[in-house]
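Listed below are the residues making up each chain.
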Amino acid sequence: CVGCVWCVGCVWCGVSVIAYVLLKAPSPPSAHIVKPEYYDGPVPLQTSVVVEYNHIPKSRYLWVVVRIPKVKPNWVLFPQLLSGMPTPVEGSGTLETTIQLGGIQEDIGDPFNIVVLLLDKEANRSLVDYSKNCINLGTCGGIQLPDTGAKILDFNTVMRELEDD
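Let me sum up the structure you'll find in this document.

Quick notes on the rules
- By convention here, each chain's residues receive numbers from 1 onward along its written sequence.
- Only residues with pLDDT of at least 70 are given local features in this predicted model, and only at 80 or more are side-chain atom pairs given and counted; all residues enter the totals for whole chains, interfaces and linings.
- Side-chain measures here rest on the full set of heavy atoms in the structure, leaving out hydrogens and waters.
- Starting at the N terminus, helices and strands are each numbered in turn, a helix being any DSSP run of H or I of at least four residues and a strand any DSSP run of E of at least two.
- Using a 1.4 Å probe on the protein chains alone, a residue whose accessible area is under 20% of its type maximum counts as buried, one over 50% counts as exposed, and one in between counts as partly exposed.
- The contact definition used throughout considers only heavy atoms, calling two residues in contact when any of these lie within 4.5 Å.
- Strands are labelled as partners when DSSP assigns at least two bridges between them.
- Note on geometry: axes are lines fitted to C-alpha atoms, helical ones only across the stretch in contact, with angles between N-to-C directions running from 0 to 180 degrees.
- Cysteine sulfur atoms that come within 2.5 Å of each other are treated as a disulfide pair.
- Given the number of residues in a helix, its expected span is that number minus one, multiplied by 1.5 Å.
- What the arc measures is the spread of directions leading from the helix axis to the C-beta atoms.
- We call two N or O atoms a polar contact when they sit within 3.5 Å, provided that within protein one can donate a hydrogen and the other can accept it, with sequence-adjacent residues counted only if both atoms are side-chain atoms.

1. Side note on the overall build of the protein
Inference 1: The helix and strand inventory of the protein stands at two helices and eight strands.
Inference 2: For the protein, the α and β elements follow one another from N to C terminus as α-β-β-β-β-β-β-α-β-β.
Inference 3: The 165 residues of the protein split such that 35% are buried.
Inference 4: Restricting the contact set of the protein to residue pairs at least 6 apart, pairs at least 24 apart contribute 75%.

Next up, the structure:
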């Protein structure tokens, strides 16, 4: 590079404008469920979940939710509140929370989906409102995956422990 102040890739340094733009593009948000691992099981009724996340923008929210395929075959989710309401995260890091896989005897041995969601402000508001009603009123029947503003960053299936302790 000849060090020009207008550098967007040029014939002087051999970098194309397209390559320059691609190199400068921000990385997309991502998350990976580290624990429990896929089909790691059997998993106890309450278990710790560890999520590594990267490039989470300030204007987005990260949620860990549980889906019960046998009970709610559609995308009805159960936000996990055992560790309290989710706190905002930004950038890259690790999130640890506690989840509950069902709660009745018939859930023993069943599969559960752990889902990491990236939400915009409106979708986040839906989950916050649901969660407040769940905590304050006991209305915890699940919430439909928002039609817009929600992106699944990771999805994991675990089996609930065969016997409760």
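2. Quick look at the sheet that holds strand 7 (residues 143-144)
Inference 1: Spatially, the five strands line up as an open sheet ordered 7-4-3-6-8, and their pairing is antiparallel. The open sheet is flanked by strand 7 and strand 8 (150-159), the only strands paired with a single partner.
Inference 2: Pairing analysis gives seven bridges linking strand 3 (residues 61-67) to strand 6 (residues 111-119), with the strands arranged antiparallel. Bridge pairing links V64 to V116 in strand 6.

3. Comments concerning the sheet that holds strand 2 (residues 46-56)
Inference 1: Here we have three strands laid out as an open sheet, ordered 1-2-5, and antiparallel in their pairing. Looking at the sheet topology across the chains shown, the edges are occupied by strand 1 (30-35) and strand 5 (91-100). The sheet shows a mean angle of 25° between the axes of neighbouring strands, taken without regard to direction.
Inference 2: The sheet contact formed by strand 2 and strand 5 spans nine bridges and is antiparallel. Counted as the bridge partner of E52 is T94 from strand 5.

4. A word on unusual backbone geometry
Inference 1: Along the chain, K35 connects to P36 via a cis peptide bond; the corresponding omega equals -10°.
Inference 2: Here P36 is to be found in the loop between strand 1 and strand 2.
Inference 3: Despite not being glycine, H55 has its phi angle at roughly 60°, a positive value.
Inference 4: Looking at the secondary structure, you find H55 in strand 2.
Inference 5: Assessed through its relative accessible area of 39%, H55 is described here as partly exposed.

5. Observations regarding the state of the cysteines
Inference 1: Within this structure, the stated rule accounts for one disulfide.
Inference 2: Residue pairing for C134: its cysteine sulfur links by disulfide to C140, the two sulfurs lying 1.8 Å apart. Taking the torsion about the sulfur-sulfur bond, which here is approximately 105°, the covalent link between C134 and C140 counts as right-handed.
Inference 3: By relative accessible area, which is 15% here, C134 ends up buried.
Inference 4: Here C140 falls in the partly exposed class, since its relative accessible area comes to 36%.

6. Here we look at helix 2 (residues 121-137)
Inference 1: The terminal C-alpha atoms of helix 2 lie 23 Å apart, and with 17 residues this matches the ideal 24 Å at 1.5 Å per residue to within 8%.
Inference 2: Turning to helix 2, its buried residues are A123, N124, L127, V128, Y130, S131 and C134. End-on, the buried residues of helix 2 take up no more than an arc of 165°, which puts them together on one face. Among the exposed residues of helix 2, those oriented more than 90 degrees off its buried face are K121, E122, N136 and L137.
Inference 3: The elements touched by buried residues of helix 2 are strand 3, strand 4 (76-79), strand 6, strand 7 and strand 8.
Inference 4: The opening residue of helix 2 is D120, an N-cap whose side-chain oxygen sits 3.2 Å from the backbone nitrogen of E122.
Inference 5: Phi turns positive one or two residues past the end of helix 2, at G138, with a value near 75°.

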